[in-house]
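Fold and geometry: a report
In case you want the letters, here they are:
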Amino acid sequence: MQTTDTVLMIEPIAFGYNAETAENNYFQVEQKGSDIQEKALQEFNAFVEKLRSKGINVITVKDTLEPHTPDSIFPNNWVSFHNDGKVVLYPMFAQNRRVERRNDILETIKNKGFDVEEVDDWSSSEAENKFLEGTGSMIFDHDHKIAYGSISLRLDEKLFREFCEKYGFTPIVFHSFQTVGSERLPIYHTNVMMCVADQFVVICLDCIDDELERSKVIEAIKNSEKEIIEISEEQMQQFAGNMLQVQNKDGQKFLVMSETAYRSLTPEQISSIEKYCEIIYSDLYTIEVNGGGSARCMLAEVFLPKK
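The following paragraphs examine the structure supplied in this document. (Residues numbered from 1 in each chain as written. Predicted model: local features only at pLDDT ≥ 70, side-chain atom pairs only at ≥ 80, totals over all residues. Heavy atoms only, no water.)

**Some thoughts on the overall build of the chain**
Looking only at helices and strands, the chain has eleven helices and 17 strands in total. Taking 307 residues into account, the globule formula puts the C-alpha radius of gyration at 19 Å, and the chain, at 18 Å, falls close to it. The principal-axis extent of the C-alpha atoms belonging to the chain is close to 45 × 45 × 45 Å. Looking at the 307 residues of the chain, the share that counts as buried comes to 60%. Residue pairs in contact within the chain that sit at least 24 positions apart in sequence constitute 74% of those at least 6 positions apart. A total accessible area of about 12400 Å² is found for the chain, and carbon and sulfur atoms account for 46% of it. Of the charged side chains in the chain, 31 are positive and 51 negative; the average position of the first set lies 4 Å away from that of the second. (Helix = DSSP H or I, 4+ residues; strand = E, 2+ residues; numbered from the N terminus. Rg over C-alpha atoms; globule rule 2.2 N^0.38 Å. Buried < 20%, exposed > 50% of the residue type's maximum accessible area, 1.4 Å probe, protein only. Contact = heavy atoms within 4.5 Å. Areas by Shrake-Rupley, 256 points an atom, 1.4 Å probe, with all protein chains shown as cover. Lys, Arg positive; Asp, Glu negative; His and termini not counted. Charge placed at Lys NZ, Arg CZ, Asp CG, Glu CD.)

**Considerations on the pattern of salt bridges**
The tally for this structure, following the rule as stated, stands at 22 salt bridges. For the salt bridge of Asp120 with Lys166, the shortest nitrogen-to-oxygen distance reads 3.0 Å. Here Asp120, found in strand β5 (residues 118–121), pairs with Lys166, found in helix α6 (residues 157–167); they are 46 residues apart in sequence, far enough to count as distant. A relative accessible area of 8% means that Asp120 is categorised as buried. (Salt bridge = Lys/Arg side-chain N within 4 Å of Asp/Glu carboxyl O.)

**Quick word on the nonpolar core**
Core analysis: the biggest nonpolar cluster contains 62 residues, and Met9, Tyr148 and Met193 have the highest contact counts within it. Considering every element that reaches this core, the biggest residue donor is helix α2 (residues 36–53), with six residues. Those residues within four positions of Met193 in sequence are excluded, and the remaining contacts are Phe174, Ser176, Ile187, Val202, Ile203, Cys204, Cys207, Ile208, Met236 and Gly241. If you look at the next biggest cluster of nonpolar residues, it comprises 18 residues, including Val61, Ile105, Ala300 and Leu304. (Core = buried A, V, L, I, M, F, W, Y, C linked by side-chain atoms within 4.5 Å.)

**Looking at the sheet that holds strand β8 (residues 170–174)**
One open sheet accounts for three strands, arranged β6-β7-β8; its pairing is mixed. With partners counted over all chains shown, the strands left at the sheet margins are β6 (138–141) and β8, one partner each. Adjacent strand axes in the sheet meet at a mean angle of 20° when their direction is disregarded. Here α6 sits on the sheet and contacts β6, β7 (146–150) and β8; the angle it forms with β8, its principal contact strand, is near 160°. Across the sheet, helix α7 (residues 211–223) touches β7 and β8, and the angle it forms with β8 is around 150°. (Pairing = 2+ DSSP bridges. Axes fitted to C-alpha atoms, helices over the stretch in contact; angles between N-to-C directions.)

**Structural notes on the packing of aromatic side chains**
Considering all chains together, one arrives at eight aromatic pairs under this definition. Measuring from centroid to centroid gives 5.7 Å for Phe93 and Phe131, while their planes differ by 90°, and the two rings are edge-to-face. Of this pair, Phe93 sits in the loop between β4 (86–89) and α3 (95–98) while Phe131 sits in the loop between β5 and α5 (134–137), and the two are 38 residues apart along the sequence. What makes Phe131 buried here is its relative accessible area of 5%. Considering the side-chain rings of Trp122 and Phe163, the 5.7 Å spacing of their centres and the 55° angle between planes classify their relative orientation as tilted. Here Trp122 is found in the loop between β5 and α5, whereas its partner Phe163 is found in helix α6, with 41 residues between them in sequence. Taken together, the aromatic side chains of Tyr90, Trp122, Phe140, Phe163, Tyr167 and Phe169 make up a single cluster linked through ring pairs. Over the face of the ring belonging to Tyr281 we find Lys50, whose NZ or CZ atom lies 5.5 Å from the ring centre. The residue whose ring lies beneath Lys145 is Phe169, and the NZ or CZ to ring-centre distance is 4.0 Å. (Phe/Tyr/Trp six-rings, centres within 6.5 Å; stacked < 30°, edge-to-face > 60°. Lys NZ or Arg CZ within 6 Å of the ring centre and 35° of its normal.)

Laid out in structure tokens, this is it:
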């Protein structure tokens, strides 16, 4: 099943700009001021409330002050929860993100009635400077067992292919770029330039500079019989690719995004999405600017079986 009705979200305690991740996350901008955490917490709480009001099951866990983890609000990079009872832990590029992996969070998930059969820990690859940052770097088409991955410092191609082989996904490997100043630089996470839903894919094809790779991605999407909803690179910079489709306990589907992303969309793009599902959007401006991630990054899907 492509969508789940349960997501894990980490409540920020000391959210802020992370200089380690900013090395290759060109979406990040450091805002000055003492109220960054306060604003981020307000945005977080309002977002959680919007999701719960639609019947989506949101499990929230508070971050800890020690160790300091300014990016813990983005849990989808270090963990994924699968429908066979497996939990996967991922190797992270930034050293201060590696301490986000917390066993007590897995215990919380279990205590909420979910069955964890096995924890599959890939984090030892950090010692070799090889990284695979979860559903930030990999976009899963669960129904067709396809995984899309844009190569970057946060997606090692060999690791990606090993993961796909172990978990039965067909890897679609490509390179995507964004214009930074006068340069074309690699996009840090695949999930800022594409989102795979049950019947459609939102994607910035302009980011895939190589024509053969672009054709390969288009062919894979078309073969999965999903509609392509194309966004521009300018819209991608407004986090219009960083979306996630979820469902509520009644099976009603929603596409979740930030208000920034929603405001960047054209009426035609909104209509294309709303043919398939309702849109939920929330103001995440402080989180986006300082963290360089948006709505999708804040949601770790829980596909685990119930006990």
